[in-house]
Amino acid sequence: MAQTMDGPDARTRAGDLTGFEAVMRQHERLVLVTALRLLGNIEDAKDVSQEVFLRLYRNLGKVEAEKNYPAWLYRVTVNLCHDVGRKRRPSVAVEDVPELVSGAADPQQTLTGAERQRVLQMSLRALSEKERAALVLRDLEGLSTEEVARALGSSEATVRSQISKARVKMRDFVERYFRRRV
Amino acid sequence: MNCVEWEERIALHAGGDLSPAEAQAVERHVAECAGCQMLLSGLRQSLALVREVHGEPIEAAHFAAVRARVLAELERAPARRWRFAWGFAMAAAAAVLLIGMWPRPERKTVSHALVPVPAVSRGGADPQVRRGPPGPPVRASRTARAQRKAGPGRPPRTMASAPPEPAEPMVVKLLTNDPDVVIYWITSTKGE
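Since we're looking at a predicted model, the values are computed, not measured. (Residues numbered from 1 in each chain as written. Chains lettered and ligands numbered in written order. Predicted model: local features only at pLDDT ≥ 70, side-chain atom pairs only at ≥ 80, totals over all residues.)

**Student:** I'm lost on the pairing of strand S1 (residues 170–175) of chain B in this one. Help?
**Tutor:** Strand residues, when the strand is regular, have side chains that alternate between the two faces of the sheet. Residues and elements named next belong to chain B. Little of S1 is tucked away: 0 of the 6 residues are buried. Here S1 runs beside strand S2 (residues 182–187); their pairing, made up of 6 bridges, is antiparallel. Among the inter-strand pairings, methionine 170 is bridged to a residue of S2, identified as threonine 187. The hairpin turn running from S1 into S2, its antiparallel successor, is 6 residues long. (Buried ≥ 20, exposed ≤ 12 C-beta atoms within 10 Å, placed from the backbone. Helix = DSSP H or I, 4+ residues; strand = E, 2+ residues; numbered from the N terminus. Pairing = 2+ DSSP bridges.)

**Student:** Could you clarify how one ought to interpret helix H5 (residues 69–86) of chain A in this entry?
**Tutor:** Side chains three or four residues apart in an α-helix point the same way, a direct result of the helix having 3.6 residues per turn. Residues and elements named next belong to chain A. Along its 18 residues, H5 runs 26 Å from first to last C-alpha, staying within 8% of the 26 Å computed at 1.5 Å per residue. Tyr69, Pro70, Trp72, Leu73, Tyr74, Val76, Thr77, Val78, Leu80, Cys81 and Gly85 are the residues of H5 that are buried. Where H5 is buried, its residues meet helix H2 (17–39), helix H3 (42–58), helix H4 (60–66), helix H8 (129–140) and helix H9 (145–152). (Expected span 1.5 Å × (residues − 1). Contact = placed C-beta atoms within 7 Å.)

**Student:** Got a minute to help me understand the nonpolar core in this structure?
**Tutor:** Generally speaking, nonpolar side chains in soluble globular proteins are found buried as a group. All names here are of chain A. In terms of nonpolar packing, the biggest core is built from 65 residues, with Ala35 and Ala134 touching the most fellow members. No other element matches the 11 residues that H2 contributes to this core. For alanine 134, the contacting residues outside a window of four places in its chain are Val148, Leu152, Val159, Gln162, Ile163 and Ala166. (Core = buried A, V, L, I, M, F, W, Y, C linked by C-beta atoms within 7 Å.)

**Student:** Teacher, can you tell me more about the environment of Lys46(A) here?
**Tutor:** Considering the arrangement of structural elements, one finds Lys46(A) in helix H3. A residue is classified by how many C-beta atoms lie within 10 Å of it, and Lys46(A), with 20 of them, is buried. A sequence separation of 14 residues divides Lys46(A) from Leu32(A), and the C-alpha atoms of the two residues are 6.4 Å apart. Setting aside residues no more than four positions away along its own chain, Lys46(A) makes contact with Leu32(A), His62(B), Ala65(B) and Val66(B).

**Student:** Just to check I follow, could you spell out the packing of H5(A) against H9(A) for this structure?
**Tutor:** In a packed pair of helices, the relevant descriptors are the angle between the two axes and the axis-to-axis distance. All names here are of chain A. Relative to each other, H5 and H9 sit at 50°, their axes nearing to 8 Å. By the angle between their directions, the pair H5 and H9 is classed as oblique. As H5 runs across H9, the sense of the crossing is right-handed. Seen from H5, the contacting residues are Ala71, Tyr74, Arg75 and Val78; seen from H9, they are Glu147, Arg150, Ala151 and Leu152. (Axes fitted to C-alpha atoms, helices over the stretch in contact; angles between N-to-C directions. Parallel < 35°, antiparallel > 145°, perpendicular 65-115°, else oblique. Left-handed = near helix turned anticlockwise from the far one by under 90°.)

**Student:** What am I meant to see in the interface of chain A and chain B here?
**Tutor:** Size of an interface: often given as the accessible area lost when the parts come together. Across the contact, 36 residues belong to chain A and 30 residues belong to chain B. At the level of elements, H2, H3, helix H6 (107–110), helix H7 (113–125), H8 and helix H10 (156–177) of chain A are the ones that each hand at least two residues to the side of chain A that touches chain B. Grouping the amino acids of the side of chain A that touches chain B by side-chain chemistry returns 17 nonpolar, 8 polar and 11 charged. (Nonpolar A, V, L, I, M, F, W, Y, C, P; charged D, E, K, R; others polar.)

**Student:** I keep staring at the environment of Pro70(A) and nothing clicks. Help me out?
**Tutor:** Within the secondary structure layout, Pro70(A) lies in helix H5. With 81 residues separating them in the primary sequence, Pro70(A) and Ala151(A) have C-alpha atoms 9.6 Å apart.

**Student:** Teacher, can you tell me more about the packing of H10(A) against helix H3 (residues 34–54) of chain B here?
**Tutor:** At a closest axis distance of 9 Å, the pairing of H10(A) and H3(B) adopts a crossing angle of 85°. When the interaxial angle is binned, H10(A) and H3(B) end up roughly perpendicular. Judged by residue contacts, Arg167(A), Met170(A), Arg171(A), Val174(A) and Glu175(A) of H10(A) engage Gly42(B), Leu43(B), Ser46(B), Leu47(B), Leu49(B) and Val50(B) from H3(B). Here the contact of H10(A) with H3(B) is built from residues that sort into 6 nonpolar, 2 polar and 3 charged.

In short, shape yes, function no, at least from these values alone.
Now the structure itself:
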């Protein structure tokens, strides 16, 4: 796992909220950013993060027994995001994505921060739910293929296939977005 | 050469997901194929872009908001559990009290006592009357037959299975057009 973090100390296990707040601070980026990438909406991501931490508090003993907080947090975050995502919008086909009006030649140089965020979120929306989860965990969060497979409850072969498809779709999106079709 | 076969491996290679031997094979192919070179270049560029954007900081207020919501929820939780426990205890006590005070229904006793019927004859009765409920008139008829068998001096017979009935049974007398035909409908006092 990219991040290895210690579990909560005895004070946290006993229900000490100050100790638990420290645990939240340790893992909040992992949970909120992963949820944001999977859902594409900060308010939904905050709702999911809240639920993830409430579940963590209720399952402290079990999670500590697993001795791998990030693995548990990624798994629960992805599952909750899938639950939320299924109730909402379907993914967008790459062909349906509008092109950038400015037609900027170099995306890394000319885009503003908001536009770059928009490109990222829209390119993720062009992926299926499973492809998105695999790409976010592997390419954005930096997990190994084995860790991604464990978090998603899939085989490594499946994850590799999902990741490769997701990367190709994302490249198609970015090139279409910047009118740089091959 | 069919480059579609290479697409998956090139995409995996762009993210460093191939073994050294597989990576070398992909590099050899890409060196000879302009189309796959473009594909690999585009994959690497898009990956670099999304990784860079992903690494950009998120407003601290979002994290603080989540923390505050979680802690508020956890602080409320014990009080809510106690409220629930009190509510449950009160509801249980009320239920016990209600069961204790609930009026118990008296045991129903079904009367099958037979009463003598003076005379029953067939035919000539008003069809409307004869089409009445099948049970009681039959019983009246049986009673009449029993009475005829027993003779006028004997006391009325009761069915062996029936418990003694303290209340008097209600007897409904139905008159027909034929003065010789009278139907008795015997019921218990509760209308059974």
